[in-house]
Amino acid sequence: MNATRIRPMLVKRDRPSLSLKILAPLLALVAATLINLLLHVFMGKDPVAVFHAMILEPFISFPSFSEVLLKTGPLLLIAEGLAIGYRAKVFNIGAEGQFIIGAIFASALPVWYPMATGQWIWPTMLLAGAVGGALWAAITAFWRVRLSANEILVSLMLSLVAAQVLNYLLLGPWKDPNGFNFPQSVMFQYDAMVPLIIPGTRVNASLLIALALALAAYVFMQKSFMGYKLEVGGLAPRAAGYAGFSEGRAIWISLLIGGFAAGLAGAAEVAGPIGQLQRSISTGYGYAAIIVAYLGGLHPIGIIFSSVVMAAIYIGGDNALVSADLPIAAVRVFQGSLLLAYLMAVTFVRYRLAFARPVSEVAA
Amino acid sequence: MIAVEFILSGMLAAATPFLLAALGELVGERAGVLNLGVEGLMALGAAIAFIIVYHGGGHVLAFAGAGLAGALLALLFAFAALGLQANQVAAGLAIGILGQGLSALFGKTYESLTVKGLPKLSVPGLSDLPVVGGLFVQDPVVWLSLAATLAIWATFAFTKTGLLLRAVGENPKAAHSIGYPVIAIRVAAVAFGGLMAGFAGAYAATVYTPLWADGMIAGRGWIALALVVFGTWLTARIFWGACLFGAVSLAGLAAQAGGVELPSQLLASMPYLVTIVVLGIISSNRRLLKLNGVASLGEPFKP
């Protein structure tokens with residue numbers, strides 16, 4: 001070892017400060033924005049126009065902002081559910097499939113009983129969707145707990161299967177007979193719609209449900225013994241085992257909660273802004289919510305903010321498509337680079353950079 | 001009989017994208033790094049290769065470009081996950097999303113365009129055999145992939161490089177204390193994985209189905225990840241697993257051609273369903289996984 005060479009190394013902080021934890025996602029957002037604008041310049045787009053359409057407009061124009069609120073609902077719901085699992089080190093990445101199955105379960109009622117009326121219909125649909133999502137996630141839980149199969153791969157594969165189930169229904173039994181052969185169901189009746197909460201917009205009560213569940217997640221994760229057990233199970237499974245916390249139960253709870261929330265989000269989409277079952281019910285919400293969960297620091301309150309940011313990225317992407325001719329794929333590039341930038345930034349929450357001689361003992 | 005011939009002759013080509021990506025991931029995982037971004041690496045490689053072939057650059061340049069792009073994106077993953085000790089699962093997912101996004105971005109103006117694939121080379125004599133003859137008529141990439149499989153198997157079985165890779169995956173502390181650069185070896189293994197995933201994508205987009213469509217990788221990167229588990233981290237088993245998936249993806253077509261009435265969505269789901277079932281069967285054999293698994297897989301190492 002060359003003792004005179006000075007090189008950078010990471011030294012663990014005694015206690016990560018709250019301000020750093022809040023700074024990390026903000027820094028990541030700034031970094032990702034700059035890098036992506038640079039990419040757009042290389043693509044021959046006008047960076048000022050892109051910046052205005054993508055970053056400013058979602059917040060300064062009310063119609064745009066109301067759409068941001070609309071998109072916040074599903075992202076918030078799914079991410080809150082996922083974060084509970086991630087803290088217990090249960091990596092459910094199949095929320096997309098749980099969302100789709102939730103939407104299908106919810107749609108069964110208006111598809112089969114298009115003439116039914118009554119204020120009970122939309123709440124029943126939301127409940128059915130949540131149960132559907134949880135059932136779909138239960139397959140992953142069973143595979144993980146009983147067969148010890150990797151939940152990352154199983155839950156992802158099930159998402160790909162769910163997309164095919166949706167295709168099958170829309171091209172076959174559930175296709176609207178008067179729909180000019182489009183792969184979509186009938187339009188749902190009025191009572192199948194979640195009531196609107198802001199007049200003149202499409203924002204509906206599911207946003208309030210999502211916020212209420214975010215608070216419930218806060219109480220569950222930060223204040224309850226059950227949440228504590230889950231987290232300990234993730235951090236130190238062996239210690240948790242000695243203390244009598246079952247790993248299997250933690251996996252079941254994590255996946256069922258994640259599936260329930262994602263299914264509810266799927267139901268709220270078809271019973272809300274879309275109003276029918278169709279192929280494009282999700283624009284990758286299930287995957288975007290993974291980013292939302294991490295960006296919010298896996299903290300129920302942090303996720304409220306990160307879901308608004310992610311919703312704004314979606315709406316900003318739509319705006320930029322129209323006004324700056326930016327391909328919609330740019331949104332996915334932005335999402336991926338944002339998560340990567342955040343994960344790198346988080347390193348500096350936990351560690352500080354030091355320049356020292358490479359003597360391992362100093363770091364230890 | 002026709003169905004069997006059809007499956008035998010097409011199996012290796014269908015298996016090649018799985019095989020190349022899984023072999024690359026195997027090398028990374030043997031060194032202790034779990035890169036979940038394979039799907040995105042393949043998608044990026046596919047787009048780059050398609051664009052190069054479309055503009056007349058030829059297949060050699062296309063594979064080189066795709067491999068380079070895959071390796072560079074994998075190095076970005078390595079910088080985050082190994083250099084900065086970011087969460088490996090999340091960083092892999094981020095790379096996957098990024099790769100798929102870049103693929104869609106670059107490929108946007110090429111949607112539904114086609115290119116010319118590669119001619120097939122046959123083994124004289126063997127290719128005239130009844131029934132199995134088709135096995136010996138393959139494009140050059142398939143032959144090279146078989147050679148790569150052998151080379152990787154031999155590397156792990158006989159060489160010091162193979163031993164070193166396994167050492168940093170099994171017990172990085174011990175490898176470090178006797179003076180091996182654990183992080184550097186892991187970074188190299190991850191870059192190799194990216195290179196292979198880039199090749200896999202290039203093969204899918206410019207040889208196997210030489211047509212560009214966004215999302216054309218269609219989960220094959222994820223199946224490649226599952227294949228490494230099916231193969232219990234052994235090269236030969238991964239090869240047989242890839243052949244199985246090649247056969248499964250053709251069996252549906254053969255059944256359809258044979259007049260079996262199945263919804264096309266069920267056929268499309270078949271590889272995913274088979275993955276789920278096989279993953280359940282293999283994983284429930286804990287002894288098998290413990291015996292061959294990589295001890296420090298996914299665990300960060302700080303020198």
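Residues numbered from 1 in each chain as written. Chains lettered and ligands numbered in written order. Predicted model: local features only at pLDDT ≥ 70, side-chain atom pairs only at ≥ 80, totals over all residues. Heavy atoms only, no water.

## Remarks on the overall build of chain A
- When helices and strands are counted, chain A shows 14 helices and two strands.
- Here chain A has a C-alpha radius of gyration of 22 Å; the compact-globule value for 364 residues is 21 Å, and the two agree.
- Dimensions of chain A, computed from C-alpha atoms along their principal axes, come out at roughly 80 × 60 × 35 Å.
- Among the 364 residues that make up chain A, the fraction classed as buried is 55%.
- Once local pairs closer than 6 in sequence are excluded, the contacts in chain A between residues at least 24 apart make up 79%. (Helix = DSSP H or I, 4+ residues; strand = E, 2+ residues; numbered from the N terminus. Rg over C-alpha atoms; globule rule 2.2 N^0.38 Å. Buried < 20%, exposed > 50% of the residue type's maximum accessible area, 1.4 Å probe, protein only. Contact = heavy atoms within 4.5 Å.)

## Re the packing of aromatic side chains
- All told, the structure shown has 18 aromatic pairs over all chains when counted by the stated rule.
- When the ring of W112 of chain A is compared with that of W174 of chain A, the centres are 5.9 Å apart and the planes differ by 85°; the resulting orientation is edge-to-face. Here the residue W112 of chain A occupies a position in helix α4 (residues 95-112), and W174 of chain A occupies one in the loop between α6 (151-171) and α7 (206-223), the gap between them amounting to 62 residues.
- With relative accessibility at 57%, the residue W112 of chain A sits in the exposed group.
- The exposure class of W174 of chain A is buried, given its relative accessible area of 9%.
- Centroid distance F230 of chain B to F245 of chain B: 5.8 Å. Interplanar angle 15°. Geometry classified as stacked. Of the two residues, F230 of chain B sits in helix α9 (residues 220-230) while F245 of chain B sits in helix α10 (residues 235-257), which places them 15 residues apart along the sequence.
- Ring-pair connections join several aromatic residues into one group, and the members of that group are F50, Y54, Y110 and W212 of chain B.
- When the ring centre of Y314 of chain A is taken as reference, the NZ or CZ atom of K71 of chain A above it lies at 5.8 Å.
- Across the ring face of F156 of chain B, the terminal group of R30 of chain B is positioned such that the distance to the ring centre comes to 5.8 Å. (Phe/Tyr/Trp six-rings, centres within 6.5 Å; stacked < 30°, edge-to-face > 60°. Lys NZ or Arg CZ within 6 Å of the ring centre and 35° of its normal.)

## A closer look at the environment of G227 of chain A
Residues and elements named next belong to chain A.
- Residue position: G227 is located in helix α8 (residues 225-235).
- Each C-alpha atom, one on G227 and one on A217, is 9.0 Å from the other, the two residues being ten residues apart in sequence.
- Apart from residues lying up to four places away in sequence, G227 is in contact with F220 and M221.

## Digging into the nonpolar core
- The biggest cluster of nonpolar side chains holds 206 residues, and the ones touching the most others in it are I78, Y86, L277 and Y294 of chain A together with W222 of chain B.
- Residues within four places of Y294 of chain A in sequence aside, it is in contact with Y86, F91, L339 and Y342 of chain A together with N87 and A90 of chain B.
- Listed in part, the twelve residues of the second largest apolar core include I84, A141, A250 and L255 of chain A. (Core = buried A, V, L, I, M, F, W, Y, C linked by side-chain atoms within 4.5 Å.)

## Things to note about the pattern of salt bridges
Residue and element names in this part refer to chain A.
- All chains considered together, the criterion is met by six salt bridges over all chains.
- The partner of K45 in a salt bridge is D325, with the nearest N and O atoms 3.5 Å apart. Of the two residues, K45 sits in the loop between α1 (18-42) and α2 (47-60) while D325 sits in the loop between α12 (300-323) and α13 (329-350), which places them 280 residues apart along the sequence.
- What makes K45 buried here is its relative accessible area of 18%.
- For the salt bridge of R144 with E247, the shortest nitrogen-to-oxygen distance reads 3.2 Å. Pair noted here: R144 is in helix α5 (residues 121-147) and E247 is in helix α10 (residues 247-274), with a separation of 103 residues, a long-range link.
- Look at R144 and you get buried, because its relative accessible area is 19%. (Salt bridge = Lys/Arg side-chain N within 4 Å of Asp/Glu carboxyl O.)

## Remarks on the environment of A64 of chain B
Residue and element names in this part refer to chain B.
- Topologically, A64 is positioned in helix α3 (residues 58-83).
- Take A64: its relative accessible area is 45%, and that puts it in the partly exposed class.
- A64 sits 211 residues away from T275 along the chain, and the two C-alpha atoms are 30 Å apart.

## Details of unusual backbone geometry
Residue and element names in this part refer to chain A.
- A positive phi is found at K89, a non-glycine position, where the angle reads about 60°.
- Mapped onto the secondary structure, K89 falls in the loop between α3 (62-87) and α4.
- Residues other than glycine seldom take positive phi values, yet S148 does so here, at roughly 45°.
- Considering the arrangement of structural elements, one finds S148 in the loop between α5 and α6.

## Some details on the interface of chain A and chain B
- Counting from both sides, the interface comprises 45 residues of chain A and, opposite them, 47 residues of chain B.
- Taken together, chain A and chain B are joined by seven residue pairs in polar contact (both at pLDDT 80 or more).
- Put simply, the parts of the chain that give the side of chain A that touches chain B at least two residues each are α5, α6, α11 (285-295), α13 and α14 (360-363) of chain A.
- Among the elements that take part in the side of chain A that touches chain B, α13 of chain A stands out by supplying 14 residues, more than any other.
- For the side of chain A that touches chain B, the per-class residue count stands at 33 nonpolar, nine polar and three charged. (Polar contact = N/O pair within 3.5 Å; in protein donor to acceptor, adjacent residues only side chain to side chain. Nonpolar A, V, L, I, M, F, W, Y, C, P; charged D, E, K, R; others polar.)

## Topic: the confidence of the model for chain B
- On average, residues of chain B score 93 in pLDDT, and 100% of them reach the 70 mark or higher.
- Within chain B, helix α2 (residues 38-54) of chain B carries the highest mean pLDDT (98), whereas helix α12 (residues 286-292) of chain B carries the lowest (81). (pLDDT = per-residue confidence, 0-100.)

## Section: the side chain of D191 of chain A
All names here are of chain A.
- Relative to the helices and strands, D191 resides in the loop between α6 and α7.
- Buried D191, no salt bridge; nearest opposite-charge side chain is R202, N-O distance 19 Å.
- With sequence-adjacent residues up to four places away left out, D191 is seen in contact with T117, G118, Q119, I121 and W122. (Lys, Arg positive; Asp, Glu negative; His and termini not counted.)

## Structural notes on α4 of chain A
All names here are of chain A.
- Compared with the 26 Å implied by 1.5 Å per residue over 18 residues, the 26 Å span of α4 between its first and last C-alpha is a close match.
- Approximately 25° is the largest bend angle found in α4, and it occurs at A106, with the proline P110 only one to four residues beyond.
- Most of α4 is tucked away: 16 of the 18 residues are buried. (Expected span 1.5 Å × (residues − 1). Bend = angle between axes of the 7 residues up to and from the residue.)

## Comments concerning the packing of α6 of chain A against α9 of chain B
- Two numbers describe how α6 of chain A lies on α9 of chain B: the axes approach to 10 Å, and their chain directions differ by 145°. α6 of chain A and α9 of chain B meet at a crossing whose hand is left-handed. On α9 of chain B, the residues that touch I152, L153, L156 and M157 of chain A of α6 of chain A are W222, I223, L225, A226 and V229 of chain B.
- Residues of the contact of α6 of chain A with α9 of chain B, tallied by class, amount to nine nonpolar, no polar and no charged. (Axes fitted to C-alpha atoms, helices over the stretch in contact; angles between N-to-C directions. Left-handed = near helix turned anticlockwise from the far one by under 90°.)

## Some details on α13 of chain A
- Across its 22 residues, α13 of chain A extends 33 Å between first and last C-alpha, which sits within 8% of the 32 Å expected from 1.5 Å per residue.
- Where burial is concerned, most of α13 of chain A is hidden: 19 out of the 22 residues are buried.

## Considering a nonpolar patch on the surface
All names here are of chain A.
- A grouping of F105, L127, V131, L135 and F260 is seen on the molecular surface, where their side chains present a nonpolar patch of about 440 Å² in accessible area.
- The element best represented in the nonpolar patch is α5, accounting for three residues.
- In this fold, L135 is placed in helix α5. (Patch = residues over 30% accessible without salt bridge, like charges linked within 9 Å, V, L, I, M, F, W, Y side chains within 5 Å. Areas by Shrake-Rupley, 256 points an atom, 1.4 Å probe, with all protein chains shown as cover.)

## Thoughts on the environment of F79 of chain B
- Of note, F79 of chain B is situated in helix α3.
- A relative accessible area of 46% means that F79 of chain B is categorised as partly exposed.
- A C-alpha to C-alpha distance of 8.1 Å links F79 of chain B and V187 of chain B, two positions 108 residues apart in sequence.
- With sequence-adjacent residues up to four places away left out, F79 of chain B is seen in contact with M344 of chain A together with L84 of chain B.

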